[in-house]
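Each chain, letter by letter, is given below.
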Amino acid sequence: MTILLFCLFLISIPVLWILFDRDLMAPAFIFCVMYTFSIGSALINRKRWGLEISVKTFTIYTVGLLIFILVNLTCKYIFSKDRQVFLKSESIQRININYTFTLVLVVISIITIYMWIKNVKIIAGVSGSLGQIMEAYRLKTSYSVNADVSMPGYITQLAKIVIASGYVYGFIFINNVLSKDFKRRDILLLIPVLLYVIMSIYDSNRLNFLQIAATFVVYYYLLASTDSNFNKKAGKFLCKLLILFSLLLLVFYSVRLLVGREGSKDTGLIEYITMYSGGPLKLFDMFIRDPIHSTDVWGKETFISLNGNLNDLGIINIPKYLGHKEFRSYNGIGLGNVYSAYREWYADFGMTGVVVLQSIFATFFSIFYYTLKSVGYTKHRFALIMYGYMAATIFLHPIDDQFFRMFVSIGFLIYVVIFYAIYMMSSKKIKIVVD
């Protein structure tokens, strides 16, 4: 069944390439490619993991793919009907930066990172190498609901500024590179991106590297595609993307010890990457065969952020709980605890939940994507910034559900405000009028 599933996804790639007019960023195409890589990674370890998925696992993966394709094709047809909106070319205009505001933002980010690192060391409570400190910090913060071992609230809120700055300035840098009016001082736009990377290391969060890389790929592709001759360069872009993807995997492997994964010190590159990308298939199948889940809270895994918000507001009354799922192993081989997005949905709502939530997921991104293509990327830059930020969850779908966890919450509304404020103030001069 596993080989059949892989062949199904693999064959779908050239079919979708044609159906979506060689559009590499069509949501369904991204979804299919990432799952093909994940299933292929699992097949590499087939014998070691005893991998032979159940009919139910095969069905869920297949139904998820079909839903995404059908929804995406329907939206593409609706938005392109009776108009050639997808064929127009746009001119990318340079975004001039307010360097005074940028300097203030960088100072705030540096102060925030300093406070973050200081508290990381306090929470970790150990001395030693960076990897050892991050290992202790990760274990304490990820597997405890005790407020004494969590980052202070005001620092967490300031960290949102660092995160938003990394994405906004990364977008502006890419925009200016493609505008053909790139200036050497634009290199300074990468400082907020670098600060975000540093904070991610001290947050022991490798997923951030994958998210921001995926987002930047979306930014670059969509802006570059405004050139009427871009389709002729699609093959060349694909080659660059494959090289970038390979480099990203090397970086992901290289930083594992820095972010506190000391247990993987002796793990080779291929073994480590294929376990992280392919492990979710084996783990999800193990969950299907032997489910471990508490149903005492509605949407416990899917809507963990929303439940936390409602609990803090006093709308519901539930005990605090951890979002991390159980670790599993096969014949003494540790496989981790990431099960793909389907785990949360199936655990909370069964097969109906998989169909409904996958349909919502596919519909949201399909409508958002084709709306942007219709109205033009360069005229709606902020919408493009937010789309790229959110679209990273399509790339990460084979690993975990980030969509409902991150975006169905009050916290995301705060992020939208911060993103908008930083974008507007960084790209416009602030005038102070004195009566």
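For the structure, check the block above.
Anyway, here's the lowdown on the structure attached to this text.

Procedures and definitions
Residues numbered from 1 in each chain as written. Predicted model: local features only at pLDDT ≥ 70, side-chain atom pairs only at ≥ 80, totals over all residues. Heavy atoms only, no water. Helix = DSSP H or I, 4+ residues; strand = E, 2+ residues; numbered from the N terminus. Rg over C-alpha atoms; globule rule 2.2 N^0.38 Å. Buried < 20%, exposed > 50% of the residue type's maximum accessible area, 1.4 Å probe, protein only. Contact = heavy atoms within 4.5 Å. Areas by Shrake-Rupley, 256 points an atom, 1.4 Å probe, with all protein chains shown as cover. Lys, Arg positive; Asp, Glu negative; His and termini not counted. Charge placed at Lys NZ, Arg CZ, Asp CG, Glu CD. Pairing = 2+ DSSP bridges. Salt bridge = Lys/Arg side-chain N within 4 Å of Asp/Glu carboxyl O. 1 Å grid on protein atoms, 1.4 Å probe; cavity = no way out; pocket = protein on both sides within 12 Å on 5 of 7 lines; lining within 4 Å. Points joined across faces, edges and corners; volume = space filled by probe spheres on them. Nonpolar A, V, L, I, M, F, W, Y, C, P; charged D, E, K, R; others polar. Phe/Tyr/Trp six-rings, centres within 6.5 Å; stacked < 30°, edge-to-face > 60°. Expected span 1.5 Å × (residues − 1). Core = buried A, V, L, I, M, F, W, Y, C linked by side-chain atoms within 4.5 Å. Disulfide = S-S within 2.5 Å.

Structural notes on the overall build of the protein
Secondary structure assignment for the protein yields 16 helices and 2 strands. The globule rule puts the C-alpha radius of gyration for 435 residues at 22 Å, and the 22 Å found for the protein is close to it. Taken along the three principal axes of its C-alpha coordinates, the protein extends 70 × 55 × 45 Å. The proportion of buried residues among the 435 residues of the protein is 54%. The long-range fraction of contacts in the protein, counting pairs at least 24 apart against all pairs at least 6 apart in sequence, stands at 78%. Carbon and sulfur atoms provide 66% of the accessible area of the protein, an area that totals close to 20,100 Å². Charge centroids of the protein, computed over 41 positive and 25 negative side chains, lie 8 Å from each other.

Observations regarding the pairing of strand 2 (residues 333–336)
Two faces, one strand: in a regular strand the side chains alternate between the faces of the sheet. The pairing of strand 1 (residues 328–330) with strand 2 spans 3 bridges and is antiparallel. In the strand pairing of strand 2, Tyr-330 is matched with Ile-333. Two successive antiparallel strands, strand 1 and strand 2, enclose a turn made up of 2 residues, where Asn-331 displays a positive phi of approximately 50°.

So, the environment of Ile-333
Tracing the backbone through its elements, the reader meets Ile-333 in strand 2. Spatially, the C-alpha atom of Ile-333 lies 7.8 Å from that of Trp-49, the residues being 284 residues apart in sequence.

Some remarks on the pattern of salt bridges
One pass over the full model with this rule turns up 13 salt bridges. For Lys-183, the salt bridge goes to Asp-181, with nearest N and O atoms at 3.5 Å. Residue classification places Asp-181 among the partly exposed positions, given a relative accessible area of 34%. Across the salt bridge formed by Arg-328 and Glu-326, the nearest N and O atoms sit 3.0 Å from each other.

Describing the layout of surface pockets
Using a probe with the size of a water molecule, rolled over the atoms, empty space left in the structure can be pinpointed. The volume enclosed by the second largest pocket comes to roughly 770 Å³. Taken together, 29 residues form the lining of the second largest pocket, with Val-33, Met-34, Phe-37, Phe-245 and Phe-395 sitting closest to its centre. Looking at the lining of the second largest pocket, the elements with two or more residues in it are helix 2 (27–44), helix 9 (207–224), helix 10 (234–254) and helix 11 (269–289). With 9 residues, the top contributor of residues to the lining of the second largest pocket is helix 10. Considered class by class, the residues forming the lining of the second largest pocket number 26 nonpolar, 3 polar and no charged.

Regarding the packing of aromatic side chains
Inspection of every chain in the model, using the stated rule, returns 44 aromatic pairs. Pairing Phe-361 with Phe-365 gives two aromatic rings, centres 5.1 Å apart and planes at 65°, and the pair type is edge-to-face. Of this pair, Phe-361 and Phe-365 both sit in helix 13 (residues 341–375), 4 residues apart, roughly one helical turn. Residue Phe-361 is classed as buried on the basis of its relative accessible area, which comes to 1%. Take Phe-365: its relative accessible area is 0%, and that puts it in the buried class. Each ring, one from Phe-364 and one from Phe-403, has its centre 5.3 Å from the other, and the planes form 55°; the classification is tilted. Placement of the pair is Phe-364 in helix 13 and Phe-403 in helix 15 (residues 403–407), with a sequence separation of 39 residues. By relative accessible area, Phe-364 is classed as partly exposed at 30%.

Details of helix 7 (residues 153–178)
Over its 26 residues, helix 7 extends 39 Å from the first C-alpha to the last, a length consistent with the 38 Å expected when each residue adds 1.5 Å. Counting buried positions over the 26 residues of helix 7 gives 20, a clear majority of the element. Lys-180 occupies a position one or two residues after helix 7 and carries a positive phi of about 65°.

Some thoughts on the nonpolar core
Counting 123 residues, the largest nonpolar core has Met-25, Tyr-387, Tyr-389 and Phe-419 as its most contacted members. In this structure Met-25 touches Ile-30, Val-217, Val-218, Tyr-221, Leu-222, Tyr-369, Tyr-387 and Phe-395, once residues within four positions along its chain are discounted. Listed in part, the 12 residues of the second largest apolar core include Tyr-253, Tyr-272, Tyr-276 and Ile-399.

What about the state of the cysteines?
For the structure on display, the rule yields 0 disulfides. We note that Cys-32 lacks a disulfide partner, and the nearest cysteine sulfur, in Cys-7, lies 12 Å from it.

What about unusual backbone geometry?
When glycine is set aside, most residues are seen to have a negative phi, and most peptide bonds are trans. At Asp-21, a position not held by glycine, the phi torsion is positive, near 55°. Within the secondary structure, Asp-21 sits in the loop between helix 1 (2–19) and helix 2. One non-glycine residue, Ser-340, lies in the positive phi region at around 80°. Inspection of the secondary structure assignment puts Ser-340 in the loop between strand 2 and helix 13.

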